[in-house]
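Descriptive structure summary
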Amino acid sequence: MPSITTGALSVALGGVPILHGVDLDIAEGEWINIIGPNGSGKTTLLRSLLGTIGHEGRIEIGGVVIDKPQDRARVLAYVPQSPVIPPGMYVVDYVMLGRTPHRGVFGRDTDTDVAVAIDVLNRLDLAGFVEREVRSLSGGERQRVVLARALAQQADILLLDEPTTALDLGHQQDVLDLVDGLRRERGLTVIATLHDLTLAARYGDRIALLADGRIVVSGAPAEVLTAEVIAEHFGATVRIIDEPDGPVIVPATPDRSPR
Amino acid sequence: MTIEPTRLRASALGAGFAALVVAVVAGLGVGPVGIAPRAVLYALVDAVPGLSADSGLSSIHEAIVQEVRLPRVVLGLLVGATLSVSGAAYQGAFRNPLVDPYLLGVAAGAGLGATIAITQNLGDGAGLVDLVPLSAFAGALFAVVLSYGAGYIGGRSTASLVLAGVAVASFLTACQTYVLQANSDAFREVYSWILGRVATSGWSEPMLLLPYFVVAVAVMLRYRRALDILAVGDEEAQALGIDPRRVRIHVVVAASLGAAAAVSVSGLIGFVGIIVPHVVRLVFGTSYRVLIPLSILFGGAFMVLADLAARTLVEPAELPIGVVTAFLGAPFFVVVLRTSRREVW
């Protein structure tokens, strides 16, 4: 059963068309990475799925169109590229924000809310951080806390906007391994935008390349990530090294040998 | 493992009530006629309908407490609480620490309304109802409606609303200055209104403010958790399933109503709406679940004490309370800022 389907999804921001008729079918439990050059519409695609910007066309989640923000937040959790971390907010309160869709604006914390938060904090090794302020954490810890808030929503679909941008190599792997583990444990569907093409090839089942607001190619990493495709859409000269766990994309150095 | 989400602790709530009681007892006891705290408390109990207590005071002294000082203390309490909680709510709704309850032109509008009423001799000197507060209230609400209208035309964003508020405030202040210049004989009276005071003639002013105080406080208490959610910004709040615009407009309307009613009875008392919420943040943390209720209590206490200073420091004259709130508030704020280790904004 498809988890998310878009049909002829188009978005214009301030009168400027950003997405042109995007058709996507994302299966339940699938991990799809959206790649594309800057300005191709990756974040706009995530935001339209999230319902924070208006769109034309159809977005079905679990086979139905969801209009109410609260209902959508119960099935769709979002990890923004640059989350707003409120000053003075403690990790425990930040993670509890993820319970908002279940509680509403005026509800109180129930035992279930607390139990879910504890489960998520334990799973993400954050138990020692609950009384720390989120702002006092390092980049990697902070990213885990933001992920914890998203998981506390208990949504089946996770939208990740550039989840690794602010992290060093080790923490990039940690976060993506964590997401992969959670996906397998909890049967999550993951939709991520990624700049790092090698990481996009290494994690996830499928890559969709977005260029000028259209999906130009979608498929297994080795099919999408060819030197020709990358040259055409990213304007980059690369060499592709085929490794057992996926292609590795290496910038090709211009020829500097003396003539 | 157990977790404890932030909530208003009994100790913090107790501190707020203690501050309020101390302020009220001091406000009722200190003055040209000094009355001991114990007698003040008995007289206070005695003032409650249905209760009686023997304060041991002469009937004149008891009347000073119950009929002269009590309305004034209650008014100070209501004005301080309303301005503080409105300030805290505005800061949360706009996610901006420099915002005060006058952001959308409430003060300028009230100033214009009051100036018109005073220069047209609609004050109680005419023997009719005192129209100055009503005119000020109408001016304040007019300013907020104007700001919302201009902000809406300007693109509906929070920033355009804030800028619209600045423009409306400047415009109405200019109008007010013009009206005043054209009627310079009213200069003194208008000036004294602008600087603020919580002087009362009986219970009419506190009663005028009370319904707006109740509405503002009830709405703000109800939305305190929503303001915590709003702290992550509109997009993330939306992704968490709430409608940030709706929360913002409810909070801002309630805060503006409260602030408009407060300034219409007390004049333009500055600084309280910024300083009290920030002191509470520095001491008790930034969560609106804590900040909203404590701003009410400490705001009320602060204003009662400021009024006490205003009427005793240069006895028998009175200082304008707006001068006192800034004169005592600013150094106090710097001390709290210096001693707190919290990062609050």
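Preceding this section is the structure that the text describes.
This text gives an overview of the structure that appears in the document. (Residues numbered from 1 in each chain as written. Chains lettered and ligands numbered in written order. Predicted model: local features only at pLDDT ≥ 70, side-chain atom pairs only at ≥ 80, totals over all residues.)

What about the overall build of chain B?
- When its secondary structure is counted, chain B shows 14 helices and zero strands.
- Each helix and strand of chain B, placed in order from N terminus to C terminus, yields the pattern α-α-α-α-α-α-α-α-α-α-α-α-α-α.
- Against the globule reference of 20 Å for 345 residues, chain B gives a C-alpha radius of gyration of 21 Å, in line with a compact fold.
- Considering only C-alpha atoms, chain B reaches an extent of 65 × 65 × 40 Å along its principal axes.
- Taking all 345 residues of chain B together, the buried fraction comes to 52%.
- If you take every contact in chain B between residues at least 6 apart in sequence, the share linking residues at least 24 apart comes to 75%. (Helix = DSSP H or I, 4+ residues; strand = E, 2+ residues; numbered from the N terminus. Rg over C-alpha atoms; globule rule 2.2 N^0.38 Å. Buried ≥ 20, exposed ≤ 12 C-beta atoms within 10 Å, placed from the backbone. Contact = placed C-beta atoms within 7 Å.)

Let's talk about the overall build of chain A
- A count of helical and extended segments in chain A gives 10 helices and 11 strands.
- A compact globule built from 259 residues would reach a C-alpha radius of gyration of about 18 Å, and chain A, at 19 Å, matches this within 12%.
- Counting across all 259 residues of chain A, residues that qualify as buried make up 43%.
- Excluding contacts between residues fewer than 6 apart, the proportion of contacts in chain A whose partners are at least 24 apart in sequence is 65%.

Some remarks on the sheet that holds strand 5 (residues 76-79) of chain A
All names here are of chain A.
- Ordered by their spatial adjacency, six strands build an open sheet running 5-6-7-3-8-9, and the pairing between neighbours is mixed. Two strands in the sheet have a free side with no partner beyond their single neighbour: strand 5 and strand 9 (214-219). In this sheet, neighbouring strand axes are inclined to one another by 20 degrees on average, regardless of whether the strands run parallel or antiparallel.
- Bridging between strand 8 (residues 206-211) and strand 9 involves five bridges; their strand directions are antiparallel. Within strand 9, the residue paired with Leu 210 across the bridge is Ile 215. (Pairing = 2+ DSSP bridges. Axes fitted to C-alpha atoms, helices over the stretch in contact; angles between N-to-C directions.)

Some thoughts on the pairing of strand 5 of chain A
Residue and element names in this part refer to chain A.
- Of the two faces of strand 5, the one carrying Leu 76 and Tyr 78 and the one carrying Ala 77 and Val 79 are both buried.
- Taken together, the four bridges between strand 5 and strand 6 (residues 157-161) define a ladder with parallel strand orientation. Within strand 6, the residue paired with Leu 76 across the bridge is Ile 157.

Quick notes on the interface of chain A and chain B
- Contact residues are listed per partner, giving 31 residues for chain A and 28 residues for chain B.
- Elements with a contribution of two residues or more to the side of chain A that touches chain B: helix 2 (69-75), helix 3 (91-96), helix 4 (100-103) and helix 5 (111-123) of chain A.

Comments concerning helix 5 (residues 132-153) of chain B
- Its 22 residues place the ends of helix 5 of chain B 32 Å apart at the C-alpha level, agreeing with the 32 Å of an ideal helix rising 1.5 Å per residue.
- Count one or two residues on from helix 5 of chain B and you reach B:Gly155, which has phi positive near 120 degrees. (Expected span 1.5 Å × (residues − 1).)

Things to note about the environment of B:Leu77
All names here are of chain B.
- Looking at the secondary structure, you find Leu 77 in helix 3 (residues 59-94).
- Looking at Leu 77, the number of C-beta atoms within 10 Å reads 26, which means it is buried.
- Along the backbone, Leu 77 and Gly 258 are 181 residues apart, and their C-alpha atoms lie at a distance of 13 Å.
- Those residues in contact with Leu 77, other than ones at most four positions away along the chain, are Gly 300, Met 303 and Val 304.

Here's the deal with helix 6 (residues 158-182) of chain B
- Along its 25 residues, helix 6 of chain B runs 36 Å from first to last C-alpha, staying within 8% of the 36 Å computed at 1.5 Å per residue.
- On its buried face, helix 6 of chain B is in contact with helix 4 (106-119), helix 5 and helix 7 (187-195) of chain B.

Description of the environment of A:Val75
- Structurally, A:Val75 can be placed in helix 2.
- The residues touching A:Val75, leaving out its near neighbours within four places in the chain, are A:Ile61, A:Gly62, A:Ala155, A:Asp156 and A:Ile157.

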